[in-house]
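Each chain is listed here by its residues.
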Amino acid sequence: MNKTLVSFLVFVVGLAVFHNAIFPIFTPKEIGWILNRYVYFLLFVAYLIITHFVLRLKPPIAMMGLFVWSIGFYFYKFVLYPPIPWTLFITYMVMWSIGTFLYISQDPETFREFRKPIVKTIVGEYKFAQIILLTAMPILVGFGTYKTIYPSYQEPVELRTVHPAPPATTKVHGKTYPLESTNNPFRVDEQDNYKDSFPFLDADKHEYMKYVTEGGTIFFQNCHYCHGDQLNGLGMFSHVFNPTPANFIDPGTIAMLQEAFIFWRVSKGGPGLPNESTPWSSAMPPWEEHLNTEEIWKVILFEYWYTGWHPRTFGTEGSEG
Amino acid sequence: MLGKNKRSIATFSLGLILAMAIYLVPGMTSDAIAKEVFAEQVFAEEAFAKEVMAEEAVEGEGEAEIEWGQDVFYKDWEGNPLKGPVSGFPAPELGESDYNNYEFAPSRMLLWVANQQHLYFGSFVLAVPIFCMIIEFIGIRTKEEDPVMSAKYDRLAHDLMKVSLTAYSWTAILGGILLFTFITLFPGFFKYMAGIFRPVMHVYALMFLAESGVLYVYYYGWDRMSEDKFLKWIHCSLSVLLNLIGTVLMYLANSWATFMQAPGGIDSQGRFLGNIWHVIHSTLWNPVGVHRILGNIVFGGGIVGAYAAYHYLTAKTEEERAHYDWVCYVAMFIAIFGLIPLPFAGYWLMKEVYAFRQQMGITLMGGIMAWLFIIQAVMIGLLFFGANSYLHNGMSRVKGSHRYMKYCKYMILLLICTFTMWMTPHTIVMTPAELKAMGGAQHPVIGHFGVMSAKNTAVNLMITTTILCFLLYQKANKKINVPWATVGNCWISAIFVGAALNIIFLGVYGYFLPANQRVGLSVPQVTTTLTTLFAGTAINISMFKDSESYGDIQWGTQSKVGTYAIFLLAISFTWLMGLMGYIRSAVRLFWHVTEVVRDNSVDAYTLTIGEAGKMLTFNTLFVWTQFVVVFWVGSLTGKKAVAKAPEGVPVPAQQQQ
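J.: Help me out: how do you make sense of the overall build of chain B in this one?
T.: Across its full length, chain B carries 21 helices and six strands. Per-residue burial over chain B gives 47% buried out of 657 residues. Sequence separation of 24 or more characterises 81% of the internal contacts of chain B that already satisfy a separation of 6 or more.

J.: Hey, could you run me through the overall build of chain A in this one?
T.: Scanning chain A from terminus to terminus reveals 10 helices and two strands. Ordered by position in the sequence, the α and β elements of chain A form the string α-α-α-α-α-α-β-β-α-α-α-α. In summary, chain A has a C-alpha radius of gyration of 28 Å against a globular reference of 20 Å for 321 residues, an excess of more than 25%. By principal-axis analysis of the C-alpha atoms, chain A measures approximately 80 × 50 × 45 Å. Here chain A holds 321 residues, and 29% of them are scored as buried. Long-range contacts, defined as pairs at least 24 residues apart, comprise 56% of the intrachain contacts of chain A with a sequence gap of at least 6.

J.: What's the story with the interface of chain A and chain B in this structure? I'm lost.
T.: When the parts of a complex come together, some accessible area is lost, and that lost area is often taken as the interface size. Taken together, the contact pairs 55 residues of chain A with 64 residues of chain B. For the side of chain A that touches chain B, the secondary-structure elements that each account for two or more residues are helix 4 (86–104) and helix 5 (108–123) of chain A. Residue composition of the side of chain A that touches chain B, by class: 28 nonpolar, 19 polar and eight charged.

J.: Hey, could you run me through the packing of helix 14 (residues 408–423) of chain B against helix 16 (residues 452–475) of chain B in this one?
T.: Residues and elements named next belong to chain B. One way to put it is that helix 14 packs onto helix 16 with a least axis distance of 8 Å and a crossing angle of 155°. One finds that helix 14 runs roughly antiparallel with respect to helix 16. Crossing angle aside, the handedness with which helix 14 passes helix 16 is left-handed. Side by side, helix 14 and helix 16 meet where Met411, Leu414, Leu415, Thr418, Phe419, Met421 and Trp422 of the first sit next to Ala454, Lys455, Ala458, Val459, Leu461, Met462, Thr465, Leu468 and Cys469 of the second. Among the residues making up the contact of helix 14 with helix 16, the classes are represented as 13 nonpolar, two polar and one charged.

J.: Would you mind showing me how to read the domain arrangement of chain A here?
T.: The domains assigned to chain A are domain 1 (3–149) and domain 2 (169–307). The C-alpha centroid of domain 2 of chain A is placed 46 Å from the C-alpha centroid of domain 1 of chain A.

J.: It is not clear to me how helix 4 of chain A should be interpreted in this structure. Could you clarify?
T.: Think of an α-helix as 3.6 residues a turn; residues three or four steps apart then line up on the same face. The terminal C-alpha atoms of helix 4 of chain A, which comprises 19 residues, lie 26 Å apart, in line with the 27 Å expected from a rise of 1.5 Å per residue. Restricting attention to buried positions, one finds in helix 4 of chain A the residues Leu88, Thr91, Tyr92, Met95, Trp96, Gly99, Thr100, Leu102, Tyr103 and Ile104 of chain A. Those residues of helix 4 of chain A that are buried lie in contact with helix 3 (61–79) and helix 5 of chain A together with helix 12 (370–396) and helix 14 of chain B.

J.: In this structure, what is going on with unusual backbone geometry? I would like to understand it.
T.: Trans is the prevailing form of peptide bonds, just as negative phi is the prevailing case for residues other than glycine. All names here are of chain A. Cis geometry marks the peptide bond from Tyr81 to Pro82; its omega dihedral reads -5°. Within the secondary structure layout, Pro82 lies in the loop between helix 3 and helix 4. The backbone of Thr278 sits at a positive phi, close to 45°, despite the residue not being glycine. Take Thr278: it is sitting in the loop between helix 9 (259–268) and helix 10 (293–307).

J.: Could you clarify how one ought to interpret the pairing of strand 1 (residues 68–75) of chain B in this entry?
T.: Where strand 1 of chain B meets strand 2 (residues 81–85) of chain B, four bridges bridge the pair, whose relative direction is antiparallel. Residue pairing across strands places Lys75 of chain B opposite Pro81 of chain B, the latter belonging to strand 2 of chain B.

J.: Hey, could you run me through the pairing of strand 1 (residues 169–172) of chain A in this one?
T.: Two faces belong to every sheet, and in a regular strand the side chains alternate between them. Residues and elements named next belong to chain A. Two strands pair when backbone bridges link them, and strand 1 and strand 2 (residues 175–178) are joined in this way by four bridges, in the antiparallel orientation. Looking across to strand 2, one finds that Thr170 is bridged to Tyr177. Remark: two residues form the turn of the hairpin made by strand 1 and strand 2, two consecutive strands paired antiparallel; His173 in that turn has positive phi of roughly 50°.

J.: Whenever I open this one, the environment of Thr313 of chain A confuses me. Can you help?
T.: Residues and elements named next belong to chain A. With respect to the element layout, Thr313 can be found in the segment after helix 10. C-beta crowding within 10 Å serves as the criterion here: with 14 such atoms nearby, Thr313 is assigned to the partly exposed category. As for Thr313 and Leu257, which are separated by 56 residues in sequence, their C-alpha atoms are 8.1 Å apart.

J.: Would you mind showing me how to read the packing of helix 12 of chain B against helix 19 (residues 560–586) of chain B here?
T.: Geometry of a packed helix pair, given as the angle between the helix axes and the separation of the axes. Residue and element names in this part refer to chain B. Two elements in contact, helix 12 and helix 19, have axes separated by 9 Å at closest approach and are oriented at 155°. On the basis of the axis angle, helix 12 is roughly antiparallel to helix 19. The two elements helix 12 and helix 19 cross, and the hand of that crossing is left-handed. In terms of residue class, the contact of helix 12 with helix 19 is built from 18 nonpolar, seven polar and no charged.

J.: What should I look at first to understand the nonpolar core in this one?
T.: The tendency in soluble globular proteins is for nonpolar side chains to be buried side by side. Membership of the largest hydrophobic core comes to 214 residues, with the highest contact counts inside it found for Phe131 and Cys328 of chain B. In terms of residues, this core owes the most to one element, helix 2 (residues 107–141) of chain B, which gives 16 residues. Taken domain by domain, the makeup of this core includes at least three residues from each of domain 1 (3–149) and domain 2 (169–307) of chain A. In contact with Phe131 of chain B, other than residues within four places in its own chain, are Leu160, Gly300, Val304 and Ile334 of chain B.

J.: Can you help me understand the environment of Ser7 of chain A in this one?
T.: All names here are of chain A. You can see Ser7 is positioned in helix 1 (residues 3–22). Separated by 17 residues in sequence, Ser7 and Pro24 have C-alpha atoms that sit 25 Å apart. Contact partners of Ser7, with chain neighbours within four places excluded, come to His52, Leu57, Pro59 and Met63.

J.: Where do I start with the confidence of the model for chain B in this structure?
T.: Low-pLDDT stretches of the model should not have their predicted coordinates read in fine detail. Residues and elements named next belong to chain B. Chain-level pLDDT for chain B is 86 on average; 87% of the residues reach the 70-or-more range. In the model, residues 640–657 has pLDDT below 50 throughout and makes 25 contacts with residues more than four positions away in sequence or in other chains. Reported confidences for the modelled complex are a pTM of 0.83 and an ipTM of 0.82.

J.: Please explain the environment of Glu295 of chain A as it appears in this structure.
T.: Residue and element names in this part refer to chain A. Here Glu295 lies in helix 10. Since 20 C-beta atoms lie within 10 Å of it, Glu295 is described here as buried. Once the C-alpha coordinates of Glu295 and Ile218 are considered, the two residues, 77 residues apart in sequence, prove to be 7.2 Å apart.

Rules and cut-offs
Residues numbered from 1 in each chain as written. Chains lettered and ligands numbered in written order. Predicted model: local features only at pLDDT ≥ 70, side-chain atom pairs only at ≥ 80, totals over all residues. Helix = DSSP H or I, 4+ residues; strand = E, 2+ residues; numbered from the N terminus. Buried ≥ 20, exposed ≤ 12 C-beta atoms within 10 Å, placed from the backbone. Contact = placed C-beta atoms within 7 Å. Rg over C-alpha atoms; globule rule 2.2 N^0.38 Å. Nonpolar A, V, L, I, M, F, W, Y, C, P; charged D, E, K, R; others polar. Axes fitted to C-alpha atoms, helices over the stretch in contact; angles between N-to-C directions. Parallel < 35°, antiparallel > 145°, perpendicular 65-115°, else oblique. Left-handed = near helix turned anticlockwise from the far one by under 90°. Domains from an automatic or database assignment. Expected span 1.5 Å × (residues − 1). Pairing = 2+ DSSP bridges. Core = buried A, V, L, I, M, F, W, Y, C linked by C-beta atoms within 7 Å. pLDDT = per-residue confidence, 0-100.

As structure tokens, then:
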């Protein structure tokens, strides 16, 4: 049998078998180190490489390019979970397509070989392929047009700035705080070994833990409805908000911000955001109207303690001045 | 490698590394040196201030008192603002009468276009002498061993200088247009800047005169000074002088922009405090300078490369094809050498921005400019793709390269994976339905790529991969004969594997560290990458001793894809340069001079991403149109010269065989 055809069958049939029979095994409810979708994907790639190696299959570069491109598509569309947003999917696929192009154009010979079937199809040497192509193209264009003009009721996406630049100072309860130099007054006697006491708040041992405990109480009285009892932004009300409440576990939120920044955000809430951060769409109230200054600082202390992050400091990065 | 002579590659690489070191070493050590010098200076100033104050106290009333102001940036030993005698007027509160405008376009846009065009051309004319310096030096060094190649280098340097000469006048004209635009449309602000920078502006003008003088002697004395060996060295030294003056010119002009962004040497009212060096040497001056020099080299390389690529594609004769293919290669070689350290200089600049005002740093990286930074990430990726594509295609025409071509696909895979990591945004654009499907604003897997630890790891791996590709290119046609070849190869492998492991380890480790310590990890990561560059290149070149060649590079056989990659590089870089310039300038938001002179014009707003993109594209197209004209003008004299003295044109090596 034609080796190109064998290679094609190895890919298509293999993918069908893997996707329908093996994929479900690797996606159990309890994800393990072996039984997970990414190991499955690596197995599939290994299957392709090994089969081609054992059967000594050397498909033409155009088909190799197609395989490579399809593997990327399969990964981003079906393997990567949870599904990624459309904008990111497109971006990733553009990257992957560029990579595929670099692969097929890495030297003039492979590129010539890649172009050959395309040119032959266009000039009519591959009559059958030309008929399929010329039939499929208008249908695809028509379908694309239909999809584009079909009314959609989704909210438009917006480029919202999540961490806007804070003002130089903020006034809370009549006192002005310069954000660059303000520190949490309750961050005292921190020994950096507080993780050992997790999840038990041994408030009697350290003054620091006492403040953390108080902050935790305030958090569970006020904040956890949205920010979640695990501080992961998945509180019971979180699903009705857009933007969703901040996920403090994520390394890109409080972990990379100064405590003073959080203080400003908590005190002023959604309405205190600058325009670039769409203050009209944030549901967070200005907590200065509900909590006193000390309570705000304690909540912040608790958030850092619970997540294990350290607030950002700029003390060691001074300028030459 | 760069032709027939196998030593030329070593000389060429050495020349480039030295040239790079000349720029990088002061940049890297300037902090430490500057601090020391600054400490002494501050001490002297404080002593002077005390002396003057004591004198005033003794002299008593009736004497004119000197008013002392506090510097907005510089601090003394104890961290208090540095004091200086008030020597200027306070910054004006600008009103409607301080701004002029035309009906057809906002003043800010006109100034932007004028500024950007001048900068593009300035960048090109500063870069070309650097090229010429290196290429002429190599030409002189190889004269005895290979006169044909030497003549080829000399001709290339001369040709480049010819184009640069036309571009030089063009730059001056654009500078004049910029100055008039500034004076006429922003008279109030210009008056303030002129008040502060008065002596700098005069020195700048004088330096421009010196630059012109040296440039004309350098160019018009080319043939005459080539006759004698000693004179030729003098001529080459002139190129060093030319570059030194050019660098000083650029640094002086930079001081205006860096002062606007992060002022120093004035008090909070904007009054000059008597020390012009403080005003010039504000906190961003050094990083911007180094970043611009490297950027100029890449930009210049891109333009020369694109020029040569165009001629290569349209060449009528084999000889022409061979020549321009070779020019493409030299230009790309230089551009890639500049491209590799460029991101590091960028990091240094951003670090200083954060140190100056955290707010400004957040506005750039996480705030209103963050989306532009994502676009920047994509553009940088394109540059690396273009560079690697050129190297792969270039390598394929070298005899003996089949030994290494099989690794190309793995390098591409690595590039794509790291690039995917590099450009994954922390905040993803999505619809509410997608947000629900994802279960939160952050993706549990790719969400980890949104922070700096992942980005640093990715960019360092991308650069390391490009360096590896470059080393393979270097040795593609070499049959290594040194007895320690195996040991050498093992060392190179160990350096690269070790570097990759170290970069990945540091990246992962960063997730477990507080943010301020995590920032520090970028230093060992960068050091690791630079180690691969310097140690890898050094070992690689050492192994070429007594090597045999599988055959010369077949100049004139570069593939079209590889040639188009050069256009991609050149255009992407032009656009990227405009983008980053816009970001750096626009981060001042509604200030002319940050926190000192407020922009009260009707144009004091931040553009939407789309509008900014249109302006950048316009500037890119506009400048390339001008480049085409300048190159065309340059080619007019070129044709004449060839017609007059065809014998003087050296024939490429392979044509002679």
